[in-house]
Each structure stands twice: as C-alpha cells, then as structure tokens.
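Structural characterization, general
Each chain, written out:
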Amino acid sequence: MPATASIPADEVAALKADSFGRIALMRGDDGLFVRRDLGHVPGWLRLPAWWLARREARALRQVDGMAAVPQLLRWDGRRLDRSYMDGAAMYQRPPHGDLVYFRRARRLLQGLHRRGLVHNDLAKEANWLVLADGTPGVIDFQLAVRGHPRSRWMRLLAREDLRHLLKHKRTYCPQSLTPVERRVLKRHSWLRDAWFATGKPVYRFVTRRLLKWEDNEGQGPKP
Ligand SMILES: Nc1ncnc2c1ncn2[C@@H]1O[C@H](COP(=O)(O)OP(=O)(O)O)[C@@H](O)[C@H]1O
Ligand SMILES: [Mg+2]
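Residues numbered from 1 in each chain as written. Chains lettered and ligands numbered in written order. Predicted model: local features only at pLDDT ≥ 70, side-chain atom pairs only at ≥ 80, totals over all residues. Heavy atoms only, no water.

A few words now on the nonpolar core. Among the nonpolar cores identified, the biggest contains 34 residues, and L112, W128 and F141 are the most heavily contacted of them. Looking at this core, the elements with two or more residues in it are α1 (46-62), β4 (72-75), α2 (99-114), β8 (128-131) and α3 (152-172). Two domains each donate at least three residues to this core, and these are domain 1 (4-49 + 60-83) and domain 2 (87-219). If near-sequence neighbours (up to four positions away) are discounted, L112 is found in contact with V63, M66, V69, L117 and F141. By size, the runner-up hydrophobic cluster in this structure holds 7 residues, among which are V145, M154, L156 and A158. (Core = buried A, V, L, I, M, F, W, Y, C linked by side-chain atoms within 4.5 Å. Buried < 20%, exposed > 50% of the residue type's maximum accessible area, 1.4 Å probe, protein only. Helix = DSSP H or I, 4+ residues; strand = E, 2+ residues; numbered from the N terminus. Domains from an automatic or database assignment. Contact = heavy atoms within 4.5 Å.)

Right, here's the structure in full:
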C-alpha cells in the first residue's frame, strides 16, 4: 500500500472539518477518493484522533472487497484515504417508503457482522448513504469494533446496529415494520440503558463543552 505523501492528488471539495481532522474529496490518478487528514489536529487531541483513524483503517481492512462500504486505499498515520462512494446522506435523500432500501441495508449489516465487524455509529443518518442507484451504503468506521461474530459481546453490538437501522426504517417506512422488528425496537439492552445513563451525558459534555461540536450532522441520533 503506497504512502499518502507519494500520491499526487488535488482537493476537489472540503467535506467536513472538526477537532479530529479534516475530510476532503480528492482527485488522484485513479479518480475520486475521500481523505481524512490529521495534519491540523491540535496537539492534545492528536493521540485520540490518530487512534480513531487507525481504528477506521483496521475496520476497513476487515471488510476489504465488500460492496457498499468504502475501500481502504492508504493509511500512513496522518492521512487516511478511502474510496469515494457516489451518493447522498440518508437525511439528504430520504428513502421514504423504500422497502427495498431497508432490505438491502439489513443484508449489508449482516454482511458486516458475519465478517466480524460491528459499526457502532449507525444512529446518525449521515453515516448511511443512498447511493446513486438508490441502494444503501455505510461510511465512517471510526467507532467500529472487530471480534468473533458469534461472541456474546459482538452479538449484542450487532443487535444495537440493527436497532439503529430499524429506527430509520420506523421513520421512513413505518408501515413496513414487521412484528419481529417492532419487538427488536421495544427491547432495550442493558448496554443501551447504560449508555443513556452514563455514556451519553459524558459524550455530550466532551463533544459540546470541550470540543465545541454541535453533533447534528444529519439531525443527530434518534432517541
Ligand atoms: N467514502 C465516502 N464516499 C462519499 N462520501 C464520504 C465518504 N466518506 C466520507 N464522506 C462524506 O464525508 C463526511 C464525513 O466523513 P466521515 O467519515 O463520516 O467523518 P466523521 O467521522 O467526521 O463523521 C460524511 O458525512 C460524508 O458526507
Ligand atoms: Mg460521520
């Protein structure tokens, strides 16, 4: 895998910038790709930013060759290059009444989980794409976890991924929720309850007070 510095590429558009790096759409010799650049991350955040980017690189290696997720092109410790997927975020092009989208999204999740990867950040509509042909795509693997697909922990996290997808289905395709899906939505795991009791207030404090983020890309997570 070549180092990012050796790749001639031009910036086409800035996509997002926050304390954990700057995301830009780039054009290289082989076409468009998306770069996360940690170059301007403030010193005190460099370690967590690097850790998150490395996490994403490792997650993408785990799903190498899979459709509907970005391919890892390069990671050199400072810049992370991923293949570009042509589409729009779910909140920009909502899949209203599109049952086929949600069926495929479920299969996509099953594919990730079978390969020993859970995403962990699918409550955000910004991390779901509606690709140019109307099919689903998933991006942003910074919080993904790798493990044995049949371990209890991975199955618990996989169920949380699924619950997040079903919440989007409830928003855009409410009549198509099956009784089993309604039950999954109703059943709260201890993990979710622990997150709302402790993790979420801490996360809010860190992101809003310390990092001055407004976590509303894609209107934020659904309750
Ligand atoms: N592979 C990709 N293809 C198309 N757009 C992308 C891709 N990766 C990121 N983006 C765009 O850049 C935005 C930020 O990227 P993301 O990896 O989600 O970073 P963050 O972790 O900061 O949310 C996304 O919401 C999306 O609009
Ligand atoms: Mg994101």
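Still to come is the rest of the account.
Here the focus is the environment of A9. Within the secondary structure, A9 sits in strand β1 (residues 9-18). A9 gets classed as partly exposed once you look at its relative accessible area, which sits at 26%. C-alpha separation for the pair A9 and R27, spaced 18 residues apart in sequence, amounts to 5.4 Å. Not counting chain neighbours up to four residues away, the residues in contact with A9 comprise M26, R27, G28 and F33.

Remark: α3 packs on helix α5 (residues 190-210), axes separated minimally by 10 Å, with the N-to-C direction vectors making an angle of 70 degrees. Judged by the angle between their axes, α3 and α5 are roughly perpendicular. Only W190, L191 and R192 of α5 make contact with α3, whose side of the interface consists of W153, L156, L157, E160 and R163. Taken together, the residues that form the contact of α3 with α5 break down as 5 nonpolar, no polar and 3 charged. (Axes fitted to C-alpha atoms, helices over the stretch in contact; angles between N-to-C directions. Parallel < 35°, antiparallel > 145°, perpendicular 65-115°, else oblique. Nonpolar A, V, L, I, M, F, W, Y, C, P; charged D, E, K, R; others polar.)

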